[in-house]
Every structure is written in structure tokens, then in C-alpha cells.
Amino acid sequence: MVSIELITVGDELLIGQVVDTNSAWIGRELGNIGAQVDRIVSVHDTAEEIAGAVRTALERADAVILTGGLGPTRDDITKRTLAGLFSAGKMVRDEAVFEQVRRMTTERGMAFNALNQAQADVPEGCTVLPNRLGTAPGMLFEREGAGGEQKLVVSLPGVPFEMKALVEEQVIPQIRRHFALRAVVHRTMMTFGLAESALATTIAPWEEALPEWLHLAYLPNPRGIRLRLSAYDVEPQTAREEIEARFRTLEGYIAPYLLGYEPASVESAVAKLLAERGATLAVAESCTGGAISARITALAGASEYYLGGVTSYSNAAKTAMLGVSAADIERHGAVSETVARQMAEGALRRFGADFAVSTTGVAGPGGGTLEKPVGTVWMGLAWREPAADSEPQVQSFARLMRFGELREQNIERAATHALNMLRLHLLGFPEAFQQTGML
């Protein structure tokens with residue numbers, strides 16, 4: 001199996017100013033084609049650190065992929081370091097890159113100065129990997145290992161969207177061309193609503209019946225648990241058919257908690273259900289501060305079913321914009337069942353929607369009380385119930401959940417559970433929400 005090491009370049013990674021999401025994404029993409037990432041190393045922006053990491057990686061890996069340090073400024077030194085390693089420091093002008101940089105700087109109203117022009121200078125002997133989304137090209141170096149085997153070194157910009165396009169369009173085809181890859185098949189089912197232990201218990205009979213050559217992984221995160229089935233060194237089509245059959249069986253065990261297959265999410269599942277019904281949604285948010293609306297509108301085509309939302313953070317806004325009773329707020333507090341229901345009902349009426357969800361709670365870190373500690377969240381759901389002899393009647397209910405002490409996690413969880421409450425209602429599984437555990 002081809003062995004690959006990743007090297008990320010940048011002081012910002014080592015001091016925690018920037019989180020390295022590039023390596024996780026690259027590892028996933030390479031794993032999907034049967035390549036294996038064995039190590040990930042982060043180094044400072046110095047020639048000594050970069051060169052040392054590359055030399056060490058080449059001693060044990062078939063391919064080395066670097067990200068970062070390829071910009072136009074003087075502290076971006078990866079390109080110069082690789083030139084010293086592989087071309088005795090000699091740089092040559094790539095005219096195609098030069099023209100692309102000139103065009104992009106002109107289109108963006110930027111000066112085509114000496115620093116930008118230097119982006120077109122690349123180490124002699126490298127293969128230039130065109131970067132259609134940016135000014136820094138990728139570079140590929142081919143080298144012979146101690147045993148005569150072929151090795152690759154690839155350098156990519158650290159900007160995630162540029163890096164991803166280069167990996168998909170340039171790097172993966174090169175790896176396929178240079179190495180014999182392991183046959184691998186992955187398929188990932190997305191779930192939400194059961195904690196990992198409860199999910200494992202629920203599906204235990206199904207898991208025990210899996211053939212030995214199929215490998216199950218539980219991959220939890222705040223938005224659900226992914227169940228990945230993997231097959232290695234098998235005939236791909238046969239493996240895909242077996243995995244699909246096994247997952248179809250699994251659906252019977254976890255129907256209320258099944259979101260779909262990667263990259264499905266709670267919000268995409270809700271969007272699909274609304275679109276299938278020709279139904280519309282409105283949102284009223286307090287403690288989640290617009291997080292639900294942001295997740296819905298991040299989906300393409302959201303305008304087909306999403307009408308709008310109100311972020312009613314103050315009590316006055318809840319009353320003025322959603323019609324929540326000021327007397328009820330005074331009597332029960334803003335974080336209460338009656339306010340959550342009235343917020344959802346108010347959003348439903350204000351936007352003329354078929355369904356509405358609401359959140360009101362104590363996100364933290366302050367504001368909690370003994371009765372309503374930090375992490376207390378009420379989530380409301382309102383809908384129009386068809387009636388035989390009259391106009392549809394507005395119905396609503398609310399659910400209380402208690403999360404933890406961390407503000408960011410409380411917002412994330414409240415938004416996810418509020419959307420899941422709507423999903424279960426649309427599916428006809430309202431009782432499942434009452435059993436939902438905190439993830």
C-alpha cells in the first residue's frame with residue numbers, strides 16, 4: 001500500500017492561531033482511493049525545519065505532500081527551500097503561471113508588482129500543477145529512492161479551497177498514475193439522536209452478523225454519529241453491493257435516527273422532507289442567535305421552503321416581533337415552555353409558514369440560576385393541523401433539554417436538536433424525540 005506523509009508549514013499552526021483542517025481533508029480523500037497517510041507533521045516557517053521534515057519523510061514514505069508557505073510575501077519560503085533541495089536553488093519563470101497571475105491581479109484590481117510576479121518563478125525541473133483558483137501554483141517533484149523506487153514530493157498552497165481543488169484535479173490523478181493503489185470501498189451512514197453507547201446496543205445484532213471482511217467504525221461528532229463500513233482488498237463492485245445490502249438492513253433498526261448517507265445532516269434531512277411535502281419553514285431564535293437559519297440557508301435551494309427567521313434576543317423583541325405575551329415572560333421567564341411555544345407560533349403566523357421552530361435558553365457562560373442553570377434550553381415546534389370543517393389550526397409543543405456549561409457547544413446542540421425535533425415530527429416519530437440523548 002502506498003505510504004504518504006503530510007507536512008503542514010506555518011508558525012500559525014503550531015501556536016494554535018489556525019486549526020489544521022487541510023490534513024484531515026487530504027487524509028480522507030487519499031483514503032478513499034486506497035492510499036494511506038502514515039504521518040502528519042507540522043513545522044515552523046524556516047528552511048531548516050521544512051528541509052529536515054522533507055528529507056526524513058522521503059526516507060520512509062512513497063510520497064510527501066506539503067501545504068503552506070507558498071504565498072507572495074517574504075515569509076513564505078517553502079518554494080525556495082524545495083528549490084534548494086531539488087534544483088540546486090535554480091528558479092525558472094513559468095509563463096503560463098505568469099499570465100494567470102497577471103490576469104487575476106488585474107481582475108481583482110490589485111497591483112501586478114514584483115512579489116506577485118515572483119509567484120510564476122518555480123524550481124527548475126518541477127512539474128507545475130496549475131492553480132485555477134489562486135496565484136500560487138502547486139509543484140511536483142519526482143525522485144528516486146535508495147532502492148530505485150519512485151517517490152513524489154508535492155507542494156500545495158495552504159488556502160483550503162485552493163488546496164482542495166489542486167488535490168482533486170491534479171494530485172490524485174498523479175498518485176493514481178505513479179502508484180498501484182489498494183482496492184478500498186467506504187460507505188458512511190449518518191445518524192442523530194442516540195448516544196454512541198445506546199446506538200451500539202441498538203444495532204448489536206446487526207453488527208455481529210457482519211462478515212469479517214467488512215469493518216464498522218463509529219465516528220461521533222456534535223452533529224451525530226457516522227457509521228462507516230469499509231472493505232479492503234476486495235472486488236469493489238461486489239463490496240459496494242454487499243455494503244448497500246447491509247445498510248438497508250440496518251435502516252430497520254434505527255429508522256427514527258437515520259439521516260441518510262454522508263454528507264447528509266439534520267438540516268439536509270429536514271430540507272428534503274419539507275421539499276417533498278411542498279411545505280415551508282420559519283424560525284424564531286433567541287439563545288441560538290441565528291444558527292438554525294444559517295444552517296438552513298447554507299443549503300442550496302433553501303429558498304424553496306425557507307421563508308425567514310427572527311432572532312429575538314431581547315424580551316421586548318419577542319413581544320414586538322413574535323407576539324409573545326409580556327405577562328407570560330414576566331410570570332414564567334423568557335426561558336420557559338410557554339415562551340418557546342409562543343415564539344414558534346409567532347414565527348409561523350408572521351411568515352405564513354407551515355412549520356416553525358424556536359429556541360430560548362441560557363447559552364452561558366453567565367446568566368444561569370439554580371432553577372435554570374447554564375445549558376437549559378427550551379425548543380418549540382409549531383405547525384398547522386388540517387381540520388375537516390375549518391381552516392388549519394395552529395398546534396405547538398416544546399421540549400426542555402439541559403446541555404452543558406460551554407456556550408459554543410450549547411448553541412450547536414440546541415440548533416441541531418431543534419431541527420431534529422422538526423425532522424422527527426415530519427417523519428411521524430414524535431415519541432423518538434422524547435428518547436433522544438444529548439450528543
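Residues numbered from 1 in each chain as written. Predicted model: local features only at pLDDT ≥ 70, side-chain atom pairs only at ≥ 80, totals over all residues. Heavy atoms only, no water.

Undergrad: Mind laying out the nonpolar core, listing which residues take part and the relevant values?
TA: One finds Leu274, Leu281, Ile292, Ile296, Tyr305, Phe355 and Leu422 to be the most contacted residues of the largest nonpolar core, which totals 35 residues. If you list the elements that add at least two residues to this core, you get α11 (266-277), β13 (281-285), α12 (291-297), β15 (355-361), β16 (376-385) and α16 (407-427). Ranked by residues supplied to this core, first place goes to α16 with 7 residues. For Ile292, the residues in contact, after removing those within four places along its chain, are Val283, Glu285, Val357, Thr359, Ala415, Ala418 and Leu419. (Core = buried A, V, L, I, M, F, W, Y, C linked by side-chain atoms within 4.5 Å. Buried < 20%, exposed > 50% of the residue type's maximum accessible area, 1.4 Å probe, protein only. Helix = DSSP H or I, 4+ residues; strand = E, 2+ residues; numbered from the N terminus. Contact = heavy atoms within 4.5 Å.)

Undergrad: Outline the pairing of strand β1 (residues 3-9), listing residues and values.
TA: With 7 of 7 residues buried, β1 lies mostly within the body of the structure. Side chains of β1 alternate between two faces, with Ser3, Glu5, Ile7 and Val9 and Ile4, Leu6 and Thr8 buried alike. Note that β1 and strand β2 (residues 36-43) share 7 bridges and pair parallel. Bridge pairing links Ile4 to Val37 in β2. (Pairing = 2+ DSSP bridges.)

Undergrad: Hey, could you go over the side chain of Asp328 for me, with residue numbers and the actual values?
TA: With respect to the helices, strands and loops of the structure, Asp328 is situated in helix α14 (residues 326-332). Side chain to side chain, Asp328 and Gln342 meet in a polar contact 2.7 Å long. Residues in contact with Asp328, not counting those within four places in the same chain, are Gly333, Thr338 and Gln342. (Polar contact = N/O pair within 3.5 Å; in protein donor to acceptor, adjacent residues only side chain to side chain.)

Undergrad: If you had to explain the packing of α11 against α16 to someone new, which residues and values would you point to?
TA: The contact between α11 and α16 brings their axes to 9 Å, and the two run at 35°. Here the hand of the crossing between α11 and α16 comes out left-handed. In this structure, α11 contributes Val266, Glu267, Ala269, Val270, Leu273, Leu274 and Arg277 to the contact, and α16 contributes Thr416, Leu419, Asn420, Leu422, Arg423, Leu426 and Leu427. Residues belonging to the contact of α11 with α16 are distributed by class as follows: 9 nonpolar, 2 polar and 3 charged. (Axes fitted to C-alpha atoms, helices over the stretch in contact; angles between N-to-C directions. Left-handed = near helix turned anticlockwise from the far one by under 90°. Nonpolar A, V, L, I, M, F, W, Y, C, P; charged D, E, K, R; others polar.)

Undergrad: How would you explain the sheet that holds strand β11 (residues 224-232) if you had to name every residue and give the values?
TA: In space, the 4 strands of this open sheet follow the order β10-β11-β9-β12, with antiparallel pairing throughout. Each having just a single partner strand, β10 (214-221) and β12 (258-261) make up the two edges of the open sheet. Strand-to-strand twist in this sheet, taken as the mean axis angle between neighbours without regard to direction, amounts to 25°. Taken together, the 3 bridges between strand β9 (residues 184-191) and β12 define a ladder with antiparallel strand orientation. Along β12, the bridge assignment pairs Thr191 with Leu258.

Undergrad: Which residues make up helix α2 (residues 22-32), and what values do they have?
TA: Looking at α2, one finds that the buried residues are Asn22, Ser23, Trp25, Ile26, Glu29, Leu30 and Gly31. Summarising the contacts, the buried residues of α2 are in contact with β1, β2, β3 (63-67), α7 (160-178) and β9. Immediately downstream of α2, the backbone of Gly34 shows phi near 90°, a positive value.

Undergrad: Break down the sheet that holds strand β14 (residues 306-311) for me, with residues and values.
TA: With respect to topology, 5 strands assemble into an open sheet ordered β14-β13-β15-β16-β17, the strand pairing being mixed. This sheet does not close on itself; its edge strands, each paired only once, are β14 and β17 (393-402). The average angle at which neighbouring strand axes cross in this sheet is 15°, direction not considered. As defined by bridge partners, β13 adjoins β14 across 5 bridges and the pair is classed as parallel. Residue pairing across strands places Ala282 opposite Gly308, the latter belonging to β14. Most of the contacts of α16 go to β16, to which it runs at about 30°, and overall it touches β13, β15, β16 and β17.

Undergrad: An account of the environment of Thr311 is needed here, citing residue identities and associated values.
TA: Mapped onto the elements, Thr311 comes out in strand β14. In this structure the C-alpha to C-alpha distance between Thr311 and Cys287, which are 24 residues apart in sequence, comes to 8.7 Å. Among all residues touching Thr311, those that are not within four sequence positions of it are Glu285, Gly289 and Gly290.

Undergrad: Lay out the pattern of salt bridges in plain terms, naming residues and giving numbers.
TA: Scanning all chains against the criterion turns up 18 salt bridges. A salt bridge links Lys272 to Glu276, with the nearest nitrogen and oxygen atoms 2.6 Å apart. With Lys272 and Glu276 both in helix α11 and 4 residues apart, the pair spans about one turn of that helix. A single burial state applies to Lys272 and to Glu276, both of which are exposed. With its nearest N and O atoms 2.8 Å apart, the salt bridge here joins Asp328 to Arg331. Of the two residues, Asp328 and Arg331 both sit in helix α14, 3 residues apart, roughly one turn of that helix. The class of Asp328 is buried, set by a relative accessible area of 15%. On the basis of relative accessibility, which here comes to 57%, the residue Arg331 falls in the exposed class. Counted as one network, the salt bridges with shared partners bring together Arg223, Glu267, Arg295 and Glu412. (Salt bridge = Lys/Arg side-chain N within 4 Å of Asp/Glu carboxyl O.)

Undergrad: Please give an account of the side chain of Thr376 that cites residues and values.
TA: Locating Thr376 in the fold gives a position in strand β16. Classification of Thr376 as buried rests on a relative accessible area of 1%. Here Arg402 takes part through its side chain, which lies 2.7 Å from a polar atom of the side chain of Thr376. Beyond its immediate sequence surroundings of up to four residues, Thr376 is in contact with Val335, Thr360, Gly361, Val362, Leu400, Met401 and Arg402.

Undergrad: Account for the packing of helix α13 (residues 315-322) against helix α15 (residues 337-351), naming residues and giving values.
TA: At their nearest, the axes of α13 and α15 sit 9 Å apart, and the two run at 40° to each other. The angle between α13 and α15 falls in the class oblique. The chirality of how α13 crosses α15 is left-handed. For the pair α13 and α15, contact is made by Lys318, Met321 and Leu322 and by Val339, Gln342, Met343, Gly346, Ala347 and Arg350, respectively. Counted by class, the contact of α13 with α15 contains 5 nonpolar, 2 polar and 2 charged residues. (Parallel < 35°, antiparallel > 145°, perpendicular 65-115°, else oblique.)

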